[in-house]
Amino acid sequence: DLSLYGRAGCFQNNCKLTDKFQATSPAVCARACSLMEECTHWTFGLQGGVQRCFMRKSDEARELLQGFVSGSEACVPPPIRPAFASLKVAESRELVKCDKGRGTEDCPDTLAAIKTWILAITYLRQATENRVDENTMHHVRQIGIDSENVVDSITGEYRPGDNDFNRVVYNNRLIFNSLKDWLEQHPTMELDENDPSLPLPLRTGALCNPESCY
């Protein structure tokens, strides 16, 4: 599942079941590969007029191609600290504006907001797995499922009502607020707004865009 890193340029247009995705920097490829269990090598280059990342299980059958760069899973930017990142994204400037509800002037792009919430929840799952009680973990998993369902409804034939979006955002914020003190006890990290391997909400406080959070 590479939908966190890209939502375009994937195999059969399904970024939840793919070994490639559209990207703007090889640093994104490196970070994605380092977090995938089966990925050992990555490649970045132009295919069909679009820059893409390619995830690989080995370096067999490798060949020299002009304009492409590649590396192993060990060639990776400094790791993202999930507890810090989850709270940083959840409290990012543009996402907080969407707490007011769907369709407001402060939150015109519902899909971008929910995708940003999914990024925050992804980091939250990483931070809480095997570190909190099962009831809390259940709520963390559930807000992730509910947020994904809103994305599916927005991009499908059914269009969610205001209450669907507002309910999910309310529940997401509730869980993050309840865990805020715990998350703040974890180490922080330096963020460079010019680092393309960091997602937009972490770098600039902006929402994810339609294609990717990067």
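Residues numbered from 1 in each chain as written. Predicted model: local features only at pLDDT ≥ 70, side-chain atom pairs only at ≥ 80, totals over all residues. Heavy atoms only, no water.

Novice: Describe in detail the overall build of the protein, supporting the description with residues and values.
Specialist: For the protein, the count of helices and strands is seven helices and four strands. The N-to-C order of helical and strand elements in the protein reads β-α-β-β-β-α-α-α-α-α-α. Over its C-alpha atoms the protein spans a radius of gyration of 18 Å, differing by no more than 12% from the 17 Å that the globule rule assigns to 214 residues. For the protein, the spread of C-alpha atoms along the principal axes amounts to about 50 × 40 × 30 Å. With 214 residues in all, the protein has 44% of them scored as buried. The long-range fraction of contacts in the protein, counting pairs at least 24 apart against all pairs at least 6 apart in sequence, stands at 62%. (Helix = DSSP H or I, 4+ residues; strand = E, 2+ residues; numbered from the N terminus. Rg over C-alpha atoms; globule rule 2.2 N^0.38 Å. Buried < 20%, exposed > 50% of the residue type's maximum accessible area, 1.4 Å probe, protein only. Contact = heavy atoms within 4.5 Å.)

Novice: Account for the state of the cysteines, with residues named and values stated.
Specialist: Under the defined criterion, the tally for this structure stands at four disulfides. A sulfur-sulfur distance of 1.9 Å marks the disulfide that ties Cys29 to Cys53. Measuring handedness by torsion sign, the sulfur bridge of Cys29 and Cys53 sits at about -75° and is left-handed. Of this pair, Cys29 sits in helix H1 (residues 26-34) while Cys53 sits in strand S3 (residues 50-56), and the two are 24 residues apart along the sequence. Each member of the pair, Cys29 as well as Cys53, carries the same accessibility label: buried. Between the sulfur atoms of Cys33 and its disulfide mate Cys39 the distance is 2.1 Å. Measuring the twist about the S-S bond at about -100°, one finds the Cys33-Cys39 disulfide to be left-handed. Accessibility classification places Cys33 together with Cys39 in one group, the buried group. Its sulfur unpaired, Cys75 is 9.7 Å from the next cysteine sulfur, which belongs to Cys33. (Disulfide = S-S within 2.5 Å.)

Novice: Provide a residue-level description of the pairing of strand S2 (residues 41-47), including the pertinent values.
Specialist: Pairing geometry for S2 and S3, over seven bridges, is antiparallel. Note that in S3 the partner of Leu46 across the bridge is Gln51. Adjacent in sequence and paired antiparallel, S2 and S3 are bridged by two residues, among which Gly48 carries a positive phi angle near 60°. Pairing between S2 and strand S4 (residues 69-72): four bridges, direction antiparallel. (Pairing = 2+ DSSP bridges.)

Novice: Give me the lowdown on the pattern of salt bridges, citing residues and values where you can.
Specialist: Inspection of the entire model under this criterion finds nine salt bridges. A salt bridge links Arg93 to Glu94; the shortest N-O distance between them is 2.9 Å. (Salt bridge = Lys/Arg side-chain N within 4 Å of Asp/Glu carboxyl O.)

Novice: Quick rundown of unusual backbone geometry? Include the residues and the values.
Specialist: The backbone of Asn130 sits at a positive phi, close to 65°, despite the residue not being glycine. Relative to the assigned elements, Asn130 resides in the loop between helix H4 (110-128) and helix H5 (134-155). A relative accessible area of 76% means that Asn130 is categorised as exposed.

Novice: Give a detailed account of the packing of aromatic side chains, specifying residues and quantitative values.
Specialist: Summed over all chains, the structure comprises two aromatic pairs. Residues Phe54 and Phe68 carry aromatic rings whose centres are separated by 6.5 Å and whose planes lie at 35° to one another, so their mutual orientation is tilted. In this pair, Phe54 is assigned in strand S3 and Phe68 in the loop between S3 and S4, connecting sequence segments 14 residues apart. The class for Phe68 is partly exposed, based on a relative accessible area of 28%. Measuring from centroid to centroid gives 5.5 Å for Trp117 and Phe176, while their planes differ by 55°, and the two rings are tilted. Here Trp117 is found in helix H4, whereas its partner Phe176 is found in helix H6 (residues 162-184), with 59 residues between them in sequence. Of the two residues, Trp117 and Phe176, both sit in the buried class. (Phe/Tyr/Trp six-rings, centres within 6.5 Å; stacked < 30°, edge-to-face > 60°.)

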